[in-house]
Amino acid sequence: MTKIKGKNDGPGGRNEHYDIGNRKNVPRRNAVAEVKRGDHPGAHKIKINGHEYVRDNPDNSKKDNENRDR
């Protein structure tokens, strides 16, 4: 499974680019299109305020959870 990490590089910390595996700074629209095509089965897309974003699917691992320090 390819690791997808948001860059928090847009206004208000939005993810405008992602690091996907060894690929750096993949634009959000490309990452969303890849997830929609099924290229990353461990991820899904969400829509917030009219913008689509990529998120990892929930799992039991704490190392990739957003709130892992809590």
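The rules behind the values
- Residues numbered from 1 in each chain as written.
- Predicted model: local features only at pLDDT ≥ 70, side-chain atom pairs only at ≥ 80, totals over all residues.
- Heavy atoms only, no water.
- Helix = DSSP H or I, 4+ residues; strand = E, 2+ residues; numbered from the N terminus.
- Buried < 20%, exposed > 50% of the residue type's maximum accessible area, 1.4 Å probe, protein only.
- Contact = heavy atoms within 4.5 Å.
- Areas by Shrake-Rupley, 256 points an atom, 1.4 Å probe, with all protein chains shown as cover.
- Phe/Tyr/Trp six-rings, centres within 6.5 Å; stacked < 30°, edge-to-face > 60°.
- Lys NZ or Arg CZ within 6 Å of the ring centre and 35° of its normal.
- Pairing = 2+ DSSP bridges.
- Core = buried A, V, L, I, M, F, W, Y, C linked by side-chain atoms within 4.5 Å.
- Polar contact = N/O pair within 3.5 Å; in protein donor to acceptor, adjacent residues only side chain to side chain.
- Axes fitted to C-alpha atoms, helices over the stretch in contact; angles between N-to-C directions.

Describing the overall build of the protein chain
- Counting its regular elements, the protein chain contains 1 helix and 5 strands.
- Within the span of the protein chain, comprising 70 residues, buried residues form 24% of the whole.
- Considering only contacts in the protein chain between residues 6 or more positions apart, those separated by 24 or more positions represent 17%.
- With the model as given, the accessible surface of the protein chain reaches about 5,200 Å², and the carbon-plus-sulfur share is 43%.

A few points about the packing of aromatic side chains
- Summed over the entire model, instances satisfying the criterion amount to 0 aromatic pairs.
- Stacked on the ring of Y53, the Lys or Arg R28 has its end atom at 5.0 Å from the ring centre.

So, the pairing of strand β5 (residues 51-56)
- The sheet contact formed by strand β4 (residues 43-48) and β5 spans 6 bridges and is antiparallel. Within β5, the residue paired with K45 across the bridge is V54.
- Counting the residues between successive antiparallel strands, the hairpin from β4 to β5 contains 2 residues, one of them, N49, with a positive phi of roughly 50 degrees.

Thoughts on the nonpolar core
- With 10 residues, the main nonpolar core is built from I4, Y18, I20, V26, A31, V32, V35, A43, Y53 and V54.
- Considering each element in turn, this core owes the most residues, 3 residues, to helix α1 (residues 28-37).

Focus on the side chain of D19
- Residue placement: D19 occurs in strand β2 (residues 17-20).
- Of the polar contacts made by the side chain of D19, one reaches the backbone nitrogen of N25; its length is 3.1 Å.
- Among all residues touching D19, those that are not within four sequence positions of it are K3, I4, K5, K7, K24 and N25.

Looking at the sheet that holds β2
- Read across the open sheet, the 3 strands follow the order β1-β2-β3; overall the sheet is antiparallel. Each of the sheet's edge strands pairs with one partner strand only, and the pair in question is β1 (4-6) and β3 (23-27). Within the sheet, the average angular offset between the axes of one strand and its neighbour, ignoring direction, is 30 degrees.
- One ladder, built from 3 bridges, connects β1 with β2; its direction is antiparallel. Its bridge partner lying in β2, I4 is registered against I20.
- Where α1 meets the sheet, it contacts β2 and β3, and its direction lies at approximately 95 degrees from that of β3.

On their own, these measurements won't tell you what the molecule is for.
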